[in-house]
Amino acid sequence: MPEIDNYKDLKNKYLGKRILVIGDLMVDEYITGEVRRISPEAPVPVLNFAKKTREAGGAANVAKNLASLGAKVYIGGICAKDEAGLWLREHLCKSDISTDCIFEEENRPTILKTRFATNGQQLLRMDDEKTDCIILKSQLAILNFLKRKIKDIDAVLLSDYRKGVLLDEMFIKNIISYCNKNNVIVSVDSKSKKIECFAGCTFVKPNNFELEEAVGVKIVDDESFNNAGKQYLFRSSANALVVTRGAKGISIFRADEKRKDFEAKAQQIYDVTGAGDTVISIITLSLAAGFSLEDSVKLSNYGASVVISKVGTYSLNADELVGRINEDKD
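Here we summarise the structure given alongside this text. The structure presented is a predicted model; accordingly, all values stated were derived computationally and were not measured.

Structural notes on the sheet that holds strand β6 (residues 111–118)
Logical step 1: Pairing is mixed across the open sheet formed by four strands, whose spatial order is β3-β2-β6-β7. Every other strand in the sheet has two partners, leaving β3 (45–58) and β7 (121–128) as the edge strands with one partner each. Each adjacent strand pair in this sheet contributes to an overall mean axis angle of 20°, direction not counted.
Logical step 2: Of the pairings in the sheet, the one linking strand β2 (residues 25–38) to β6 comprises eight bridges and is parallel in character. The residue of β6 that forms the bridge with Met26 is Ile111.
Logical step 3: Of the strands in this sheet, β2 and β3 touch helix α2 (residues 59–68), which is tilted by about 60° from β3.

Now the structure itself:
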């Protein structure tokens with residue numbers, strides 16, 4: 001495998017690169033405690049409360065990943081001024097993430113996912129969310145922010161969890177078109193099956209399952225994987241397709257080129273939570289810093305190997321990333 005060029009200067013290359021993340025903002029809440037008995041009212045466990053913790057989720061977690069790596073980050077999406085939303089705004093501001101592109105909609109709560117757990121085992125997840133498409137006024141507000149800031153942005157990252165912000169295909173097309181006109185990198189991480197609206201983006205990053213779902217091809221071997229990837233790339237008209245494949249690493253598809261595979265760098269796997277967010281963040285930021293797509297993917301593999309060795313959501317920094325690369329080279 002070719003060496004990653006100039007990775008030792010990674011921290012300075014990342015520092016201050018300007019990234020706008022647009023997508024579904026969420027709060028991940030964890031209620032933990034101890035279970036000692038079954039309820040006399042119903043055959044369910046009784047959780048004795050111990051503590052409540054919160055983390056930024058969805059596109060907000062992507063933004064935190066980028067900020068931790070040294071980028072200057074703006075975040076765009078919908079978030080109410082309810083209790084969860086106020087917490088999220090404050091949390092993002094403490095991470096030096098600009099919240100000027102966050103807007104509200106009437107009767108649309110901040111997406112809150114509450115998990116009840118004991119001894120590391122989840123008992124129940126409760127979701128408080130509204131997932132229909134955001135209104136035109138909100139779309140225009142986000143687009144206007146992008147237009148005002150376009151000269152101060154190196155890349156736009158679309159983080160689509162199918163929770164409403166990026167459901168409108170024309171909205172996505174307008175973002176990509178405006179970025180292309182201004183030579184701004186635009187990356188897409190989406191769970192959508194409507195992939196035609198990604199035309200012209202720098203790259204789109206589905207995982208294996210999302211790839212299968214989008215093109216209707218069951219991936220059972222190398223041939224079916226290759227077929228699915230080629231179909232996705234053709235239908236989406238993205239400039240490149242980057243597929244995350246878990247233990248099999250990451251693959252790049254480009255038109256009229258042979259598929260390129262990059263092996264995973266995982267040593268120990270404790271928790272894969274947030275690994276996809278880490279990958280899209282590192283690839284996007286690395287491209288903004290001047291790395292090739294191939295080297296950006298290699299860097300993301302190293303980053304993912306750090307994140308999955310931790311328990312829970314984790315944002316690594318550039319020093320950790322360089323340290324992990326050095327470990328592999330020693």
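Remarks on the packing of aromatic side chains
Logical step 1: The final tally for this structure, using the stated rule, is two aromatic pairs.
Logical step 2: Seen from their ring centres, Tyr74 and Phe145 are 6.1 Å apart, and the 65° between their planes marks the pair as edge-to-face. In this pair, Tyr74 is assigned in strand β4 (residues 72–78) and Phe145 in helix α4 (residues 136–149), connecting sequence segments 71 residues apart.
Logical step 3: Since its relative accessible area comes to 5%, Tyr74 is described here as buried.
Logical step 4: Taking the relative accessible area as the measure of exposure, Phe145 reaches 3% and is therefore buried.
Logical step 5: Note on Phe225 and Phe253: the rings are 5.4 Å apart at their centroids and 65° apart in plane angle, and the pair reads as edge-to-face.

Here we look at empty space enclosed by the protein
Logical step 1: Inspection of every chain in the model, using the stated rule, returns two cavities of 30 Å³ or more.
Logical step 2: Taken as a whole, the largest cavity holds about 70 Å³ of empty space.
Logical step 3: If you trace the largest cavity, you find it lined by Asp24, Leu25, Ile78, Arg108, Pro109, Ile111, Lys130, Lys163 and Val165.
Logical step 4: Per-class residue counts for the lining of the largest cavity are five nonpolar, no polar and four charged.
Logical step 5: Every residue lining the second largest cavity is listed: Asp160, Arg162, Leu166, Leu167, Glu169, Ile172, Ser190, Ser192, Lys194, Cys197 and Phe198.

Cut-off values and rules
Residues numbered from 1 in each chain as written. Predicted model: local features only at pLDDT ≥ 70, side-chain atom pairs only at ≥ 80, totals over all residues. Heavy atoms only, no water. Pairing = 2+ DSSP bridges. Helix = DSSP H or I, 4+ residues; strand = E, 2+ residues; numbered from the N terminus. Axes fitted to C-alpha atoms, helices over the stretch in contact; angles between N-to-C directions. Contact = heavy atoms within 4.5 Å. Phe/Tyr/Trp six-rings, centres within 6.5 Å; stacked < 30°, edge-to-face > 60°. Buried < 20%, exposed > 50% of the residue type's maximum accessible area, 1.4 Å probe, protein only. 1 Å grid on protein atoms, 1.4 Å probe; cavity = no way out; pocket = protein on both sides within 12 Å on 5 of 7 lines; lining within 4 Å. Points joined across faces, edges and corners; volume = space filled by probe spheres on them. Nonpolar A, V, L, I, M, F, W, Y, C, P; charged D, E, K, R; others polar.

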